[in-house]
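Summary of structural features
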Amino acid sequence: MNSPASLAVVPAWFVVLPDTDEAAAVGARALPHATESYTHASGRPWLMGRWSPGELAVGECRGVRLAVSGEHAVTPEEAARAAAAATDLGSLDRLARSWHGSYHLLASVHGRVRAQGTVTGVRSLFHGGAHSAHLAADRADVLADLIGAPLDEGRLALQMLSLGVLHPLSARPVWRGVEALPGHDYLVLERDGRAHRKRWWWLPRRDVPLAEGAAGLRDELRRAVEIRVRDRDVVTADLGGLDSTAVVCTAVCAGAKVVAYTAATHDPRGDDVHWARRTVEDLSSDDGAVGRVEHHIVAAEDFPLTFDGVNTLTDVLDAPSLYAVDRNRRMSLLDLAADRGSTVHLSGFGGDELLAGASARVHDLLPRHPRTAVRHARGYLAKYRWSRRRATRQLLDRRSYGAWLEQIATDLTGPLPSLEEPLFQWCSPARMPPWATADAVDAVRALIRQEAVVARPLGPGHGEHRELATMQAVSRFARHLNQMTRRRSMVFASPFYDDRVVETGLAVRPEERVSPWRYKPLVVEAMRGVVPEASRTRATKANATLEEEVGLRRHREALLALCEDSRLAELGLIDARAWRAWCSGPVSAELENVLLHPTVGCEVWLRTRETLHPRSDG
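Residues numbered from 1 in each chain as written. Predicted model: local features only at pLDDT ≥ 70, side-chain atom pairs only at ≥ 80, totals over all residues. Heavy atoms only, no water.

We now examine unusual backbone geometry. Cis rather than trans, the peptide bond between His-167 and Pro-168 has omega equal to -5°. Summarising the element assignment, Pro-168 is placed in the loop between helix 6 (153–158) and strand 10 (178–180). A positive phi angle, near 50°, is found at Arg-62, a position not held by glycine. Tracing the backbone through its elements, the reader meets Arg-62 in the loop between strand 4 (56–61) and strand 5 (64–72). One non-glycine residue, Ser-489, lies in the positive phi region at around 55°. (Helix = DSSP H or I, 4+ residues; strand = E, 2+ residues; numbered from the N terminus.)

Applying the stated rule across the entire model yields eleven aromatic pairs. A ring pair is formed by Trp-386 and Phe-424, whose centres lie 5.4 Å apart and whose planes are at 90°; its orientation type is edge-to-face. Pair noted here: Trp-386 is in the loop between helix 13 (370–384) and helix 14 (388–396) and Phe-424 is in the loop between helix 15 (401–410) and helix 16 (438–452), with a separation of 38 residues, a long-range link. A relative accessible area of 9% means that Trp-386 is categorised as buried. One aromatic cluster in this structure is built from Tyr-380, Tyr-384, Trp-386 and Phe-424. Here Arg-114 stacks its cationic end above the ring of Tyr-186, 3.6 Å away from the centre of that ring. (Phe/Tyr/Trp six-rings, centres within 6.5 Å; stacked < 30°, edge-to-face > 60°. Buried < 20%, exposed > 50% of the residue type's maximum accessible area, 1.4 Å probe, protein only. Lys NZ or Arg CZ within 6 Å of the ring centre and 35° of its normal.)

In space, the six strands of this open sheet follow the order 2-3-1-9-8-10, with antiparallel pairing throughout. Of all strands in the sheet, those bounded by a partner on one side alone are strand 2 (36–39) and strand 10. Between one strand axis and the next, the sheet turns through 20° on average, direction left out of account. By the bridge criterion, three bridges tie strand 8 (residues 126–128) to strand 10 in an arrangement that is antiparallel. Paired with Gly-128 across the bridge in strand 10 is Val-178. Sitting on the sheet, helix 2 (residues 21–30) touches strand 1 (13–16), strand 3 (45–50) and strand 9 (135–137), and the angle it makes with strand 3 is about 15°. (Pairing = 2+ DSSP bridges. Axes fitted to C-alpha atoms, helices over the stretch in contact; angles between N-to-C directions. Contact = heavy atoms within 4.5 Å.)

Bringing the sheet that holds strand 5 into the picture now. The six strands are arranged 4-5-6-7-11-12 in an open sheet whose pairing can be described as antiparallel. In the strand order of this sheet, the two ends are held by strand 4 and strand 12 (195–199), each with one partner. For this sheet, the mean angle separating the axes of adjacent strands, direction not counted, is 20°. In this sheet, strand 6 (residues 101–109) lies alongside strand 5 in antiparallel orientation, the contact comprising nine bridges. Looking at the pairing, Val-64 lines up with Val-109 of strand 6. Contacts from helix 3 (residues 76–85) reach strand 4 and strand 5, with the element oriented near 40° to strand 4.

Let us look at the environment of Glu-281. Of note, Glu-281 is situated in helix 9 (residues 272–284). For the pair Glu-281 and Cys-563, spaced 282 residues apart in sequence, the C-alpha separation works out to 48 Å.

A separate point is the pattern of salt bridges. Per the counting criterion, the structure on display carries 53 salt bridges. When the shortest N-O distance is used, the salt bridge between Asp-141 and Arg-609 registers 3.3 Å. Of this pair, Asp-141 sits in helix 5 (residues 140–147) while Arg-609 sits in helix 26 (residues 593–609), placing them 468 residues apart in sequence. Judged by relative accessible area, which is 0%, Asp-141 ranks as buried. Using a relative accessible area of 2% as the deciding quantity, one classes Arg-609 as buried. Note that Arg-538 is salt-bridged to Asp-271, the shortest N-O span being 3.0 Å. (Salt bridge = Lys/Arg side-chain N within 4 Å of Asp/Glu carboxyl O.)

Let's shift gears to helix 23 (residues 556–563). Taking burial as the measure, the eight residues of helix 23 include six buried ones, the bulk of the element. What helix 23 keeps buried is the set Arg-556, Ala-558, Leu-559, Leu-560, Leu-562 and Cys-563. Turning to helix 23, the residues buried within the fold contact helix 22 (545–554), helix 25 (576–584) and helix 26. Among the residues trailing helix 23, Asp-565 stands out with phi positive, at a value near 55°.

Below, the discussion takes up the side chain of His-462. Along the chain, His-462 falls in helix 17 (residues 462–485). For His-462, a relative accessible area of 6% translates into the label buried.

It is the contact of helix 25 with helix 26, at a shortest axis distance of 12 Å, that shows an interaxial angle of 125°. It follows that helix 25 is oblique to helix 26 by the angle criterion. For the pair helix 25 and helix 26, the crossing hand works out as left-handed. Together, Trp-579, Trp-582 and Cys-583 of helix 25 and Leu-596, Thr-599, Val-600 and Glu-603 of helix 26 make up the contact between the two elements. Taken together, the residues of the contact of helix 25 with helix 26 sort by class into five nonpolar, one polar and one charged. (Parallel < 35°, antiparallel > 145°, perpendicular 65-115°, else oblique. Left-handed = near helix turned anticlockwise from the far one by under 90°. Nonpolar A, V, L, I, M, F, W, Y, C, P; charged D, E, K, R; others polar.)

A separate point is the nonpolar core. Counting 169 residues, the largest nonpolar core has Leu-66, Ile-448 and Val-600 as its most contacted members. If you look at the next biggest cluster of nonpolar residues, it comprises 16 residues, including Trp-46, Leu-47, Leu-106 and Leu-189. (Core = buried A, V, L, I, M, F, W, Y, C linked by side-chain atoms within 4.5 Å.)

For strand 5, the tally of buried residues reaches nine of nine residues, placing the bulk of the element in the interior. Direction of pairing for strand 4 relative to strand 5: antiparallel, over a ladder of six bridges. Directly across from Cys-61, in strand 5, lies its bridge partner Val-64.

This part is about the packing of helix 12 (residues 361–368) against helix 17. Between helix 12 and helix 17, whose axes approach to 6 Å, the crossing angle comes to 160°. Relative to helix 17, helix 12 is oriented roughly antiparallel. The two elements helix 12 and helix 17 cross, and the hand of that crossing is left-handed. Facing helix 12, whose interface residues are Arg-361, His-363 and Asp-364, helix 17 presents His-462, Gly-463, Glu-464 and Glu-467. Of the residues assigned to the contact of helix 12 with helix 17, the class counts are no nonpolar, three polar and four charged.

Further remarks concern the pairing of strand 11 (residues 185–189). For strand 11, the tally of buried residues reaches five of five residues, placing the bulk of the element in the interior. Burial of the side chains of strand 11 extends over both faces: Asp-185, Leu-187 and Leu-189 are buried on one face and Tyr-186 and Val-188 on the other. Pairing between strand 7 (residues 112–116) and strand 11: three bridges, direction antiparallel. Counterpart to Val-113 in the pairing with strand 11 is Leu-189. As paired elements, strand 11 and strand 12 share five bridges and run antiparallel to each other. Each bridged residue has a counterpart across the sheet, and for Tyr-186 the counterpart in strand 12 is Lys-198.

As structure tokens, this is what we get:
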């Protein structure tokens, strides 16, 4: 994996270089694969890569170059004005905190480089290298190939953990010497090649009343959606739950022509199709929205099930993905959208974490507002039938995040928490699968304990941390889908992950935003007059558990094919016989597949990497 093969294969990427001769020499290896490139004021290479037309806005003024890459409304003229106003790297904080959309902000200010992604990581940034050739890139594999970083088997074993919400370990790239930049930081590449991080984003004050926050969310979501739909003849979108419904209706209100897709399921209790039809009917009865929604329902029989084709996937991703098990299921709908001519597909990704929030907020409320906390806790216990004894133990647990991580390391091979386990902890306890080898478990345990000494939570309390950690974990799905759709020249857009939208939602009083008695009250209030009334007050959410159970039975041979000649087994990370035996038996889609999916993602990822570097079998 030490040649820049991924640069020639992946359809979209960029690399950012410091203003040094050594970095320029490394950049020369990437330049033949780039379609565009820009230089520092010195003439040395600064930014190069491949991207879609209109995705990058670049402006310059004297010794300053500034670029915005992604889904944004910044024009080259505005970027040039920003470059003219920049006095140093810190002066760009104002832009980072005010521009809307989802983008990377990149700058060269008199030879010093600033590079950053988004708070949730849906647009991530990776960095690595040595001395004066420390680089940054938006894909970890591109960077690893450029600097010759080897695969780190311990980090790969980390990706086999259940749940994938173990901050900051879950986001760590699988190459030695390649690191992920935290979303709240920007990276500085100095003129001598040294690299360091500086914080630019903090959690907002959480004191905005629900009514005021709802008005703010409506405005921010409108801006986020308008950025994606402006100047487009048609956009496509998911239309299923409340979050995607809010996005579709906001797009229609913005004047867009939306082609919406709803996937039916085999579950007779799944009601997404019913509510989607009702939403479209109500929109079509509005004179201002007539003809703006084209709706397609994909029959359950025509929609791939979970595990379909899991042994034949070829997407080159920059990290193992839990979405491997559902890749064909998800991409079949996105391929329909691309065939329709769409270059932007809108989704409701990010809505659950932001709008439903974390019940762990109760843990934070307890010392400050004990009566409110107890009332909310009782509501969750009644709603989910959680154990009162376990809930009390979690609520009274005042261990630091580091101490909690240490306990995770100790319990790595213990049983999975039951479905009745309360969710008041820092996060749900991660576990290694039973087919992991002792060496893999030891490596993961060592990495967790190493991190426990220095780890800090993402927020001051369990709720803030859990919400942000979950956003960062789930945003990787959106990020990987974007890597998959780029071959069709389409962007998979997730407006709820935009920094301004996230900030607006998190600023609302948590006891009003997160409730055991109301379903997503913030978006329900925000969408008054935007989403048709019946759909706005919908309080149900479909899931694909039945699709997974049926898919496992129908595609078990594809799953078992991964157990043969397992690449993970070759690396000594799993016992292939134990994995095959487990995959051959009955599996609970609701509980046990949280162990299975990460291993499948790692195995599939290793196999797809071989398309870049074919195996030599003797």
